[in-house]
Amino acid sequence: MSLTAFIQILLLGLALGGIYALMAIGLSLTFGVMRILNLAHGAFMILAAYLAFWLFVRYRLDPLLSIPFMMGTLFAIGIILYRILFSRLAGRADYTHLTILLTFSLALILEGLMGYLWTGIYRAANPPYAARSYSFGPWYIPAGQLYAALTSLILLSILWLILYRTRFGRAVRATMQNRIAAQIVGVDVNGVSMITFGLGLALAGASGSLLSFLFPFFPSRHWQWIAILLALVVFGGLGSLPGTVMGAFTLAVISAYATTLAGPTWSSALFYLALFLTLLVRPQGLLGKGEAP
Amino acid sequence: MALLRIEAIRAGYGHGPDILNGLSLELEPNRIYCVIGPNGAGKSTLLRVIMGLLRPRAGRVWFNKEDITGLRPDQIVARGISYVPQDRSLFPDMTVWENLLMGGYLMRDPRALSRRVEEILELFPVLRKHRSRRAGLLSGGEQQMLAIGRALILRPALLLLDEPSLGLAPLVVEQVFEIIRQLKAMSLTVLLVEQNVRKGLECADWGYVLDQGCLRFEGPAKAILEEPRLVVTYFGQRRGHP
Amino acid sequence: MGNWATVREHERLESQLSIRTREIRHLVLTGLLAGLLLLPLLQVGNRGLTYFLHVMMMTFMYIAIASSWNIISGYAGYISFAHPVFFALGGYFTGALLVFIKLSPFLTAPIAGLLAALLGFGVGLITLRTRGPSFVIGTIALLLLARLLLDNWTWLGGSNGISLPLPNLPPHLFKLPFYYGLLFAAAGAVGLSYRIRHSRFGLGLRAIAQDEIRAEVAGIPTHVYKVLAFSLSAFFVAVAGALWGYQLSYLRPSAFLTVGMAADPLLMCLIGGRGTVAGPVLGAVIVVALNELMIALLGSTELNLSAIGLIMLLALLFFPGGIIGTLRERGRLPRWLDWD
């Protein structure tokens, strides 16, 4: 492989990594703060993708521009869901297991609804930039991916600012590190959890908007997404946000090379392989610490 | 004029048996209280109930004439009670400085908070030395200092300490208890749970002996120390002696 | 309170009574079994029972799957989404042998079961080393990986699947061997579940489900137990898959490896009662019946999936013990349903 091609693939891989990072960070945040493994995360992404798609097709609203609306809507849904479903179960010993079953049920409900409303036809929004490409020197990058990657970077940076420069962010990080300690210094951990859950869904919403024009989607596609994201999160380290970001970039780049060499069919297999290798060799993942999850 | 009043508290974990069996006691302000008793007597459970980490099955907790039973821990902190758990419960990935900052989470004024953190660092010179060190990397004694320091940021009226000497070398234990003695001068009330009976009662004014969730005996700390029969009854042989 | 003589008399009457209850229970069980065994023979004469036999057969299959799933996900509390993989392994392994070497799945099903147990053992070794959700995530990955593999394995038909030759039987008797085969698979799975529940192994599993750290501290070899449970839970699922595939006479990834199929045992155990012996059986019967009813009345749309999700949600929130668990909590569990 020539150096040019090598760098080209690297570029595409990094762009993809940014997008995967945005998709996975909500999942990681929710688990880290309140030990909820949200198996419906992918389904909410697809739901947002559908919403973005219809907004584009019916009202010509660009998917990138619909992101704020999407995030707001899913944030609200997250808060409501947390109040109704999860807060009543908090504190139970088998909490994580229960949330797995709960979110699984949610995913099924969503998938059925989406299938019923919008059928299983493959959808993809096609705003003008979806077909364009930017080239510089011997390299190119599709406009859609570039914009999506930039959007991810912006949103991830905002998240970083929230987590490290605001009082709320400190409360979130404290809750992630030691829930009891957070309580005894005055953090309302239940309130923090609720808002974080909303935040996690909002990030899924933004990812969905990007997904709508990047990848073709249909209702049952969410399983493939959630499986990849889960594998990625375990690889990076369950409960570690920097780990998730690192895992996203690493696996995306590797998968870009794998796709070039072996075709697109097996690219998701790479994530599953990474998952099993991680569990075999270093169960806490790249940046996970202490107790293996 | 009791600062804290506990009335007939019954408490236990999950579906398990009652750990505290109708316990009642009162704390006056500006004193150091020490609770001693065998393992499983309910000493840590008592502190957890006061702090709102465990909801009692029966009974009430009064603080400054307010019924705080069933409030959340963060609400109780806001009312002036601070807690140092047995495992210190620090934020392992935050530095000493950041841990102390978190102690003042409820303070809205960042500058006042910074000043307060500096004050605490004055009190604990060993912490000042390590202010940028991650809490997870500190030694046992340093962690204990940090945990106490963090609890003091909000200037609580009542400080709950769960076995501060646990796992610490004798010299460090001495340092910790020196700090605790100084706390009294800060118009603080301290409720201390200790396995190290001697050290605990030596710096306390009043002692409570807890066994199987009930109050068996209370009295001036010195008296309990000098009454070897009590110690033997509840601890078998001469426990708690250095 | 009375004196000792009346107490002893009371005890003697009690034990006589329980002997009678046990006799009754044996009679009922034998009668039920005989009925199930003899039922198909009516078909030989009548021919009108085909649909009914089909539903019974499907019920037996689900009983086998749900009872097996219960071993790892009910007793040990580790949710598995991998069971469709064992099911598909059974179907494809025996199907391939049938197509290429003409061996009947009735003979090769047990081998498929052993292979599945081996797969479960291997995957379990990797994913059960930790206590948390890594196992669940691993099973999800396994499911999707298996789907990917089979969709692209052209030798086995890829996503179009392969057809299997039909057994040499007149059409109205066609279902009979499968009926008996799946009945035995179901009986085997329930029997295994029963034996495990009433053993130290089962006690250890349930301790793991309640509080794994405490179980470890108490000396239970949690890693070994978990892996063994996962491995055992695979056997009868693969056997059921072998028979069902043969009965279906075609193998297709989309029929064997969907997440909907992973949800089935979950739904059945949630409704019937996770962690009990009778729960999965009850749940399977109810779900199959309800499903047939729903399809007959409302047809089959994507909303069925939403309905399943909604029922699971409601069961989780309000009846986490399922029917058996809730009845037991309220002290109303009839003796004949209490197999624990």
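Cut-off values and rules
- Position numbers for residues count from 1 along each chain, tracking the sequence in the order it is written.
- In the order they appear in the text, chains get letters beginning with A and ligands get numbers beginning with 1.
- Predicted model: local features are reported for residues with pLDDT of at least 70 only, side-chain atom pairs are reported and counted for 80 or more only, and whole-chain, interface and lining totals are derived from all residues.
- Working from all heavy atoms in the structure, the side-chain values ignore hydrogens and water.
- A run of DSSP states H or I qualifies as a helix once it reaches four residues; a run of E qualifies as a strand once it reaches two. Both are numbered from the N-terminal end.
- Under the scheme applied here, a residue whose accessible area is under 20% of the maximum for its type counts as buried, over 50% as exposed, and between as partly exposed, the area being computed with a 1.4 Å probe on protein chains only.
- In what follows, residue pairs with any heavy atoms lying within 4.5 Å of each other are defined as contacts.
- We get accessible surface area from the Shrake-Rupley algorithm with a probe of 1.4 Å; when it comes to residues, only the shown protein chains can shield them.
- We treat Lys and Arg as the positive residues and Asp and Glu as the negative residues; His and chain ends play no part in the count.
- We put the charge of a Lys on NZ, of an Arg on CZ, of an Asp on CG and of a Glu on CD.
- Once two parts are brought into contact, the accessible area they lose, counted with a 1.4 Å probe and summed over both, makes up the buried area.
- A carboxyl oxygen of Asp or Glu within 4 Å of a side-chain nitrogen of Lys or Arg is what we treat as a salt bridge.
- Distance and chemistry together define a polar contact, namely a pair of N or O atoms within 3.5 Å, with one atom able to donate a hydrogen and the other to accept it when in protein, and with adjacent residues in sequence counting only for side-chain atoms on both sides.
- Side-chain classes are defined by residue name, with Ala, Val, Leu, Ile, Met, Phe, Trp, Tyr, Cys and Pro counting as nonpolar, Asp, Glu, Lys and Arg as charged, and the others, Gly among them, as polar.
- To obtain an axis, a line is fitted to C-alpha atoms, over the contacting stretch when the element is a helix, and the angle between two such axes runs from 0 to 180 degrees between their N-to-C directions.
- Here the word oblique covers every angle except those under 35 degrees (roughly parallel), over 145 (roughly antiparallel) and from 65 to 115 (roughly perpendicular).
- Crossing handedness: left-handed means the near helix sits turned counterclockwise from the far one by under a right angle, and right-handed means the same turn made clockwise.
- Here a cavity is any set of points on a 1 Å grid over the protein atoms alone where a 1.4 Å probe fits but cannot get out, and a pocket is any open set with protein on both sides within 12 Å along at least 5 of 7 lines; a residue lines the site when it has an atom within 4 Å of a point.
- Grid points are joined across faces, edges and corners, and a volume is the space filled by probe spheres set on the points.

What's the story with the overall build of chain C in this structure? I'm lost.
Helix and strand content of chain C: 14 helices and two strands. Within the span of chain C, comprising 340 residues, buried residues form 52% of the whole. Pairs at least 24 residues apart make up 78% of the contacts formed inside chain C by residues separated by at least 6 positions. Carbon and sulfur atoms make up 67% of the accessible area of chain C, which totals about 15,900 Å². Looking at charge distribution, chain C has the averaged site of its 23 positive side-chain charges lying 4 Å from that of its 14 negative ones.

When you look at the interface of chain A and chain B in this model, what are you seeing that I'm missing?
Note on interface size: it is often stated as the accessible area lost on association of the parts. Listed as interface residues are 17 residues of chain A and, on the opposing side, 21 residues of chain B. Summed over both sides, the interface between chain A and chain B buries roughly 1,900 Å², with carbon and sulfur atoms accounting for 59% of that surface. For the chain A face of the interface with chain B, the top three residues by lost area are Arg 167, Ile 184 and Val 185 of chain A, together amounting to 37%. Summed over the shared surface of chain A and chain B, the number is one salt bridge. Its salt-bridge partner being Asp 188 of chain A, residue Arg 72 of chain B comes within 3.5 Å of it at the nearest N-O pair. At the junction of chain A and chain B, the tally comes to four residue pairs in polar contact (both at pLDDT 80 or more). Taken together, the residues of the side of chain A that touches chain B sort by class into eight nonpolar, four polar and five charged.

Sorry if this is basic, but what is going on with the packing of helix H4 (residues 95-118) of chain A against helix H13 (residues 303-318) of chain C here?
Running from N to C, H4 of chain A and H13 of chain C cross one another at 155°; their axes reach a closest spacing of 7 Å. In this view, H4 of chain A runs roughly antiparallel relative to H13 of chain C, as classed from their interaxial angle. The element H4 of chain A and its partner H13 of chain C pack so that their crossing is left-handed. Between H4 of chain A and H13 of chain C, the contacting residues are Leu 98, Leu 101, Leu 102, Phe 104, Ser 105, Leu 108, Ile 109, Glu 111, Gly 112, Leu 113 and Tyr 116 of chain A on the first element and Leu 303, Leu 305, Ser 306, Ile 308, Gly 309, Leu 310, Met 312, Leu 313, Leu 316 and Leu 317 of chain C on the second. Partitioning the contact of H4 of chain A with H13 of chain C into residue classes produces 16 nonpolar, four polar and one charged.

It is not clear to me how the interface of chain A and chain C should be interpreted in this structure. Could you clarify?
The partner chain C presents 40 residues to the 42 residues of chain A that form the contact. Interface area for chain A against chain C, summed over the two sides, is near 3,800 Å², with a carbon-plus-sulfur share of 81%. For the pair chain A and chain C, the interface holds zero salt bridges. The tally of links from chain A across to chain C stands at five residue pairs in polar contact (both at pLDDT 80 or more). Looking at the side of chain A that touches chain C, the element that brings in the most residues is H4 of chain A, giving 15 residues. A class-by-class count of the residues in the side of chain A that touches chain C yields 31 nonpolar, eight polar and three charged.

Please explain empty space enclosed by the protein as it appears in this structure.
Over the atoms rolls a probe the size of a water molecule, and in doing so it shows where empty space is left. Following the criterion strictly, the structure yields three cavities of 30 Å³ or more and no others. If you trace the largest cavity, you find it lined by Ile 184 and Val 185 of chain A together with Val 77, Ser 82, Tyr 83, Gly 103, Ala 147, Arg 150, Ala 151, Ile 153 and Leu 154 of chain B. Those elements that place two or more of their residues in the lining of the largest cavity are strand E6 (81-84) and helix H6 (140-152) of chain B. If one sorts the elements of the lining of the largest cavity by residue count, H6 of chain B sits on top with three residues. Here the lining of the largest cavity is built from residues that sort into eight nonpolar, two polar and one charged. Counted as a void, the second largest cavity has a volume near 60 Å³. In terms of lining residues, the second largest cavity is bounded by Tyr 62, Ile 65, His 83, Pro 84, Phe 87, Val 237, Met 261, Asp 264 and Pro 265 of chain C. Going through the elements one at a time, helix H2 (50-75), helix H3 (83-101) and helix H11 (259-272) of chain C are the ones with two or more residues in the lining of the second largest cavity. Looking at the lining of the second largest cavity residue by residue, the classes come out as seven nonpolar, one polar and one charged.

Even after reading the chapter, I still don't get the side chain of Asp 162 of chain B, so can you show me in this structure?
Counting through the fold element by element, Asp 162 of chain B comes out in strand E7 (residues 158-162). Looking at Asp 162 of chain B, its side chain comes within polar contact range of the side chain of Gln 86 of chain B, at 3.5 Å.

For this particular structure, what's the right way to read the pattern of salt bridges?
Pairs can form between side chains of opposite charge once their charged atoms are near each other. Residues and elements named next belong to chain B. Under the criterion given, the structure shown has 22 salt bridges over all chains. With its nearest N and O atoms 2.7 Å apart, the salt bridge here joins Glu 122 to Arg 128. Since its relative accessible area comes to 53%, Glu 122 is described here as exposed. Note on Arg 128: relative accessible area 35%, which makes it partly exposed.

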